[in-house]
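Commentary on secondary and tertiary structure
Spelled out from the first residue to the last, the chains are:
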Amino acid sequence: MAILEVRNVYKSFGGNLVLEDVSMNAELGQVTSLIGPNGAGKSTLLNIVSGFLKADSGSVVMDGHEIIGSPPFKCFKAGIARTFQDSQVLYYMNGLDNVVVSSPGQKGELEYNALFRPGMVAAEETERRAEAMGHLTDLNIQSKAASLSQALSYGQQKLLEFARMLNSRAQVFLLDEPMAGIHPDLIAGLSEMIRSAAVDHGKAVILVEHNLKVVMDVSDYVVVVRGEVVVEGPPSEVENDERLTSAFLGFVSNAAT
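A few points on the structure. In this text the structure is predicted, and so the values were computed from the model without any measurement.

1. Considering the sheet that holds strand β2 (residues 16–27)
Spatially, four strands are ordered β2-β1-β4-β5 in an open sheet, and the strand pairing comes out antiparallel. A strand with exactly one partner marks an edge of an open sheet, and here the two such strands are β2 and β5 (65–66). Bridge count for strand β1 (residues 2–13) against strand β4 (residues 57–62) is five bridges, and the pairing is antiparallel. Note that in β4 the partner of Y10 across the bridge is S57. Contacting β1, β2 and β4, helix α1 (residues 42–49) crosses the sheet at an angle of about 120° to β1.

What follows is the structure, given as structure tokens:
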């Protein structure tokens, strides 16, 4: 059963229709890739799902609750975490603190606890930091725990974002071009982490990515969009569908529709 359901979403900018009647699902334990040419509306759809944009119409249901039109912090509380095309690390925090801040429901956030239950807050802080360090270790960047994130390479910042997402305990991960700008040597490892997020951690992953080899390697399901859904299905079927090529070339063959 789908944890996230997108239904009949429309979005236009200045009279230009960017998304037309787009529907898709995301299931726990699976990677669903959203692909298409530049300008196809992929990032726009992620922005709508995560609350950074409002759709003109449609529905986004997260774990049985309608969230379309909700602000980003409410979408996060509902269980949706995301990355962006550009790195969004907290530059003046070290790597470990970047991850710790994503941990939800920390007792120290309540003034009463901070003032009158410092021992309880300190004990939880120790647990949360150990958990965060575990995610850094899983991604092989534990050596950067004490380094300011602004000093990390772009690829390391991407991995740091992924660790932060794992630490957030969200159920749905939205990944917007995670391979963009990283060294080719890191692609295989990051691909494994994406797959592991679904298979080992039980997350529902929606991946926007231009590297089609990565898409076909890590995905359970692929949705091709060019303003609207052109074709969808398992990678083996979509890869051999002429509508995939047609979408990237800018037209859809009548024989395939």
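2. A closer look at the environment of S149
With respect to the helices and strands, S149 occurs in the loop between α5 (118–138) and α6 (154–167). Taking relative accessible area as the criterion, S149 reaches 0% and is therefore assigned buried. Between the C-alpha atom of S149 and that of M93, which follows or precedes it by 56 residues, the distance is 6.3 Å. Once residues within four sequence positions are removed from consideration, S149 is found in contact with V89, L90, Y91, Y92, M93, N94, N98, Q157 and L160.

3. Some words on unusual backbone geometry
At D63, a residue that is not glycine, the phi angle is positive and equals roughly 50°. If you trace the backbone, D63 turns up in the loop between β4 and β5. Phi angles above zero are rare outside glycine, and E177 is one such case at about 50°. Note on placement: E177 falls in the loop between β7 (172–176) and α7 (184–199). Residue classification places E177 among the buried positions, given a relative accessible area of 14%.

4. Brief notes about the packing of aromatic side chains
Across all of its chains, the model carries two aromatic pairs by this definition. Here F52 and F84 contribute two aromatic rings whose centre-to-centre distance is 5.3 Å and whose plane-to-plane angle is 85°, an arrangement assigned as edge-to-face. In this pair, F52 sits in the loop between α1 and β4 while F84 sits in the loop between β6 (80–82) and α3 (95–100), placing the two residues 32 residues apart along the sequence. Pairing F162 with F173 gives two aromatic rings, centres 6.4 Å apart and planes at 80°, and the pair type is edge-to-face. On the criterion of sequence distance, the pair formed by F162 in helix α6 and F173 in strand β7 is long-range, its members being 11 residues apart. Both residues of the pair, F162 and F173, belong to the buried class. Against the face of F84 rests R82, its NZ or CZ located 3.9 Å from the ring centre.

5. Digging into empty space enclosed by the protein
In this structure the tally under the stated criterion is one cavity of 30 Å³ or more. By volume, the largest cavity amounts to about 50 Å³. Per-element accounting of the lining of the largest cavity gives the leading share, three residues, to α6.

6. A few points about the nonpolar core
Among the nonpolar cores identified, the biggest contains 32 residues, and L136, F162, F173, I194 and V205 are the most heavily contacted of them. When residues of this core are traced back to their parent elements, those giving at least two are α3, α5, α6, β7, α7, β8 (204–208) and α8 (212–218). In terms of residues, this core owes the most to one element, α6, which gives six residues. With residues near it in sequence (within four places) discarded, L136 still touches G95, L96, V99, I141, Q142, A145, L160 and A163. Counting 28 residues, the second-largest nonpolar core is a separate cluster that includes I48, I67, A204 and V208.

7. Describing the pairing of strand β10 (residues 229–233)
Two strands pair when backbone bridges link them, and strand β9 (residues 221–225) and β10 are joined in this way by four bridges, in the antiparallel orientation. Within the sheet, the bridge partner assigned to V222 lies in β10 and is G233.

8. Some words on the pairing of β1
In regular strands, side chains alternate between the two faces of the sheet. Relative to β2, β1 is paired through eight bridges, and the arrangement is antiparallel. Across the sheet, residue A2 finds its bridge partner in β2, namely E27. In this antiparallel pair of consecutive strands, β1 and β2, the connection spans two residues, and G14 shows a positive phi of 60°.

9. Observations concerning the sheet that holds β8
Spatially, six strands are ordered β6-β7-β8-β3-β9-β10 in an open sheet, and the strand pairing comes out mixed. What marks the edges here is a single partner per strand, and that holds for β6 and β10. When the angles between neighbouring strand axes are averaged without regard to direction, this sheet yields 15°. Sheet strands in contact with α6 are β6 and β7, and its direction is about 165° off that of β7. Packing against the sheet, α7 makes contact with β3 (31–35), β7 and β8, and its axis sits at approximately 150° to β8.

Rules of the game
Residues numbered from 1 in each chain as written. Predicted model: local features only at pLDDT ≥ 70, side-chain atom pairs only at ≥ 80, totals over all residues. Heavy atoms only, no water. Pairing = 2+ DSSP bridges. Helix = DSSP H or I, 4+ residues; strand = E, 2+ residues; numbered from the N terminus. Contact = heavy atoms within 4.5 Å. Axes fitted to C-alpha atoms, helices over the stretch in contact; angles between N-to-C directions. Buried < 20%, exposed > 50% of the residue type's maximum accessible area, 1.4 Å probe, protein only. Phe/Tyr/Trp six-rings, centres within 6.5 Å; stacked < 30°, edge-to-face > 60°. Lys NZ or Arg CZ within 6 Å of the ring centre and 35° of its normal. 1 Å grid on protein atoms, 1.4 Å probe; cavity = no way out; pocket = protein on both sides within 12 Å on 5 of 7 lines; lining within 4 Å. Points joined across faces, edges and corners; volume = space filled by probe spheres on them. Core = buried A, V, L, I, M, F, W, Y, C linked by side-chain atoms within 4.5 Å.

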